[in-house]
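Now for the letters of each chain:
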Amino acid sequence: MRSDAPNPEAYISNLPEDRKSAISSLRKTILKNLPKGFEEVMNYGMIGYVVPHSIYPEGYHCSPELPLPFINIASQKNFVALYHSGMYADKVLYDWFVSEYSKRVPTKLDMGKSCVRFKNVAHIPYDLLGELCSKMTVDQWIALYERNIKSK
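Residues numbered from 1 in each chain as written. Predicted model: local features only at pLDDT ≥ 70, side-chain atom pairs only at ≥ 80, totals over all residues. Heavy atoms only, no water.

Glancing now at the sheet that holds strand β1 (residues 39-43). Spatially, five strands are ordered β1-β2-β3-β4-β5 in an open sheet, and the strand pairing comes out antiparallel. Each edge of the sheet is formed by a strand with only one pairing partner; in this case those strands are β1 and β5 (115-118). The mean inter-strand angle of the sheet, taken between neighbouring strand axes irrespective of direction, is 20 degrees. As paired strands, strand β2 (residues 46-51) and strand β3 (residues 68-75) are joined by five bridges and run antiparallel to one another. Considered in β3, the bridge of G48 is made with N72. The strands that helix α6 (residues 138-150) touches are β2 and β3; relative to β3, the one it contacts most, it runs at about 100 degrees. (Pairing = 2+ DSSP bridges. Helix = DSSP H or I, 4+ residues; strand = E, 2+ residues; numbered from the N terminus. Axes fitted to C-alpha atoms, helices over the stretch in contact; angles between N-to-C directions. Contact = heavy atoms within 4.5 Å.)

Looking at the chain, the pLDDT average stands at 94 and 98% of residues meet or exceed 70. Within the chain, the element-level pLDDT minimum falls on α6, averaging 91, and the maximum on helix α5 (residues 126-134), averaging 98. (pLDDT = per-residue confidence, 0-100.)

The next subject is the side chain of Q76. When you line up the elements, Q76 lands in the loop between β3 and β4 (80-84). Judged by relative accessible area, Q76 falls into the buried class, the value being 14%. A distance of 2.8 Å separates the side chain of Q76 from the side chain of Y83, its partner in a polar contact. (Buried < 20%, exposed > 50% of the residue type's maximum accessible area, 1.4 Å probe, protein only. Polar contact = N/O pair within 3.5 Å; in protein donor to acceptor, adjacent residues only side chain to side chain.)

As for its placement among the helices and strands, K113 is situated in the loop between α4 (91-104) and β5. Excluding its chain neighbours within four sequence positions, the residues that come into contact with K113 are M87, Y88 and Y94.

The tally for this structure, following the rule as stated, stands at ten salt bridges. Of the charged contacts, one joins R104 and E100 as a salt bridge, the two residues approaching to 2.9 Å between their closest N and O atoms. Remark: E100 and R104 occur in helix α4; sequence separation between them is four residues, near one turn of the helix. Under the relative-accessibility criterion, R104 is labelled partly exposed at 31%. Note that D110 is salt-bridged to R117, the shortest N-O span being 2.9 Å. (Salt bridge = Lys/Arg side-chain N within 4 Å of Asp/Glu carboxyl O.)

Shown next as structure tokens:
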């Protein structure tokens, strides 16, 4: 469900009641744990966390006018989603997350290459997602992106 909201607050205020709390809590978790340098923006109709052009002027290789994306969160039709590009680019981080998820969450992990889907918002592991967000700095993300994504 793509949104035309101009900012995260408007995005959240336009959500169905059952999703407002989950997205708001997810946003707070990310903002509390994300290393310095990432910036919160609206992109792709979702709340996003990016490396701004002031740090990485090249931007995203697919659309250089856009800042380098790192994390997005969204309320989709049937689930709440967290998109984490770092897990897509780093198998060690991906494997850590999959292992930790199974230890902490009673439901089966529903995940694509970078998308974690939460059909039941009561099972969102905010503590685990906070740890995930803290595991990669801006400089580490840029280096990983250039090595594993941009060069392909």
